[in-house]
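Summary of structural features
Spelled out, the chains give:
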Amino acid sequence: KAGVTQTPRYLIKTRGQQVTLSCSPISGHRSVSWYQQTPGQGLQFLFEYFSETQRNKGNFPGRFSGRQFSNSRSEMNVSTLELGDSALYLCASSLVTSGELFFGEGSRLTVL
Amino acid sequence: TQLLEQSPQFLSIQEGENLTVYCNSSSVFSSLQWYRQEPGEGPVLLVTVVTGGEVKKLKRLTFQFGDARKDSSLHITAAQPGDTGLYLCAGRKDSSNTGKLIFGQGTTLQVKP
């Protein structure tokens, strides 16, 4: 079956702009989690959505937000971009009965 | 503060050598997972350990969860170039299956032919 699909794969923005990233989970997976990966901090949890509700939230500023739609697809938004937001943003989907996360290939964001 | 400390951060070895990667914490985890990530891809789950003292084997890879559930190790026997990648340990603090994991910084492994 198809894996987790993230779009776009690469994007370049300038400081102050905003960005929206999209994630389509594996069919049947209702939980979608987002992570930020940087060389300095590694993978850090942003938030998790389940059945259109935010179930968990990491320690990121309010500029980072997300939502989930009724078909389980999820988007995350970063407003007022800063240079430090440059990172690989990974989305993962999972079944509620399993602890295994299935990651997408990520969206690489560069902020200039 | 990194709750999960991985060591070493980088490892470059010759094909056929053995290696061990460590994942340590001062906190107790309900479960620990190991992932491998290759360039341009997302992490892929290798194993989940949930019981203190548990040992799991996956071909040439052996995973162990510490008795106190604060640490874990990954041992690779007779490493091959295909084992090259970023190895990540990740833990859950509670027993639920949420998507919230705490990741270690990762160990970059290079196996030279």
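See the structure above.
What comes next concerns the included structure. (Residues numbered from 1 in each chain as written. Chains lettered and ligands numbered in written order. Predicted model: local features only at pLDDT ≥ 70, side-chain atom pairs only at ≥ 80, totals over all residues. Heavy atoms only, no water.)

**Observations regarding the overall build of chain A**
This is how it is decided: Labels follow the DSSP assignment, with helices taken as runs of H or I lasting at least four residues and strands as runs of E lasting at least two, numbered in each case from the N terminus. Only the C-alpha atoms count toward the radius of gyration. The rule for a globule is 2.2 Å times the residue count to the power 0.38. Relative accessibility decides the category of a residue: with a 1.4 Å probe and only protein chains considered, values under 20% of the type maximum give buried, values over 50% give exposed, and everything between is partly exposed. Contact definition: two residues touch when any of their heavy atoms are within 4.5 Å.
When helices and strands are tallied, chain A shows 0 helices and 11 strands. Listing each helix as α and each strand as β along chain A from the N terminus yields β-β-β-β-β-β-β-β-β-β-β. Taken over C-alpha atoms, the radius of gyration comes to 13 Å for chain A, in line with the 13 Å a tight globule of 112 residues would show. Here the C-alpha coordinates of chain A stretch approximately 40 × 25 × 25 Å along the principal axes. For chain A, buried positions account for 50% of its 112 residues. Considering only contacts within chain A whose residues lie at least 6 apart along the sequence, 52% involve residues at least 24 apart.

**Let's talk about the state of the cysteines**
What counts is decided by this rule: Note on disulfides: each one is a pair of cysteine sulfur atoms within 2.5 Å.
Enumeration according to the criterion identifies 2 disulfides over all chains in this entry. With a sulfur-sulfur separation of 1.7 Å, Cys23 of chain A is cross-linked through a disulfide to Cys91 of chain A. Because the sign of the S-S torsion sets the handedness, a value of about -55° for the bond joining Cys23 of chain A and Cys91 of chain A places this disulfide among the left-handed ones. Of the two residues, Cys23 of chain A is situated in strand β3 (residues 19-24) and Cys91 of chain A in strand β9 (residues 87-94); the sequence distance between them amounts to 68 residues. With relative accessibility at 0%, the residue Cys23 of chain A sits in the buried group. One disulfide bridge connects Cys23 of chain B with Cys89 of chain B, the sulfur atoms lying 2.0 Å from each other. Across the disulfide from Cys23 of chain B to Cys89 of chain B, rotation about the S-S bond amounts to roughly 75°, and the bridge is consequently right-handed.

**Notes on the interface of chain B and chain A**
Stated precisely, the cut-off is as follows: A quick way to say it: buried area is the sum, across both parts, of accessible area lost when two parts are put together, with a 1.4 Å probe. The term salt bridge refers to a pairing of a side-chain nitrogen on Lys or Arg with a carboxyl oxygen on Asp or Glu at a separation within 4 Å. Whenever two N or O atoms come within 3.5 Å, that pair is a polar contact, provided that in protein one can donate a hydrogen and the other can accept it, and provided that, for residues adjacent in sequence, both atoms are side-chain atoms.
Between chain B and chain A, the contact holds 19 residues from the first and 24 residues from the second. Here chain B meets chain A over a buried area of about 1600 Å², counting both sides, of which 49% is carbon and sulfur. Applying the counting criterion to the chain B and chain A interface returns 0 salt bridges. The interface formed by chain B and chain A contains 10 residue pairs in polar contact (both at pLDDT 80 or more). For the side of chain B that touches chain A, the secondary structure elements donating two or more residues are β4 (31-37) and β9 (85-92) of chain B.

**Considerations on the sheet that holds β3 of chain A**
Residue and element names in this part refer to chain A. In plain terms, the rule: For two strands to pair, DSSP has to find at least two bridges joining them. Every angle, taken between N-to-C directions, lies between 0 and 180 degrees, and every axis is a line fitted to C-alpha atoms, over only the stretch in contact when it is a helix.
Across the sheet, which stays open at both edges, the 4 strands sit in the order β1-β3-β8-β7 with antiparallel pairing between neighbours. The sheet is open, and its two edges are formed by β1 (5-7) and β7 (64-68), each paired on a single side. On average, each strand axis in the sheet is tilted by 15° relative to the strand beside it, whichever way the strands run. Pairing analysis gives 3 bridges linking β1 to β3, with the strands arranged antiparallel. The residue bridging Thr5 from the neighbouring strand is Ser24, located in β3.

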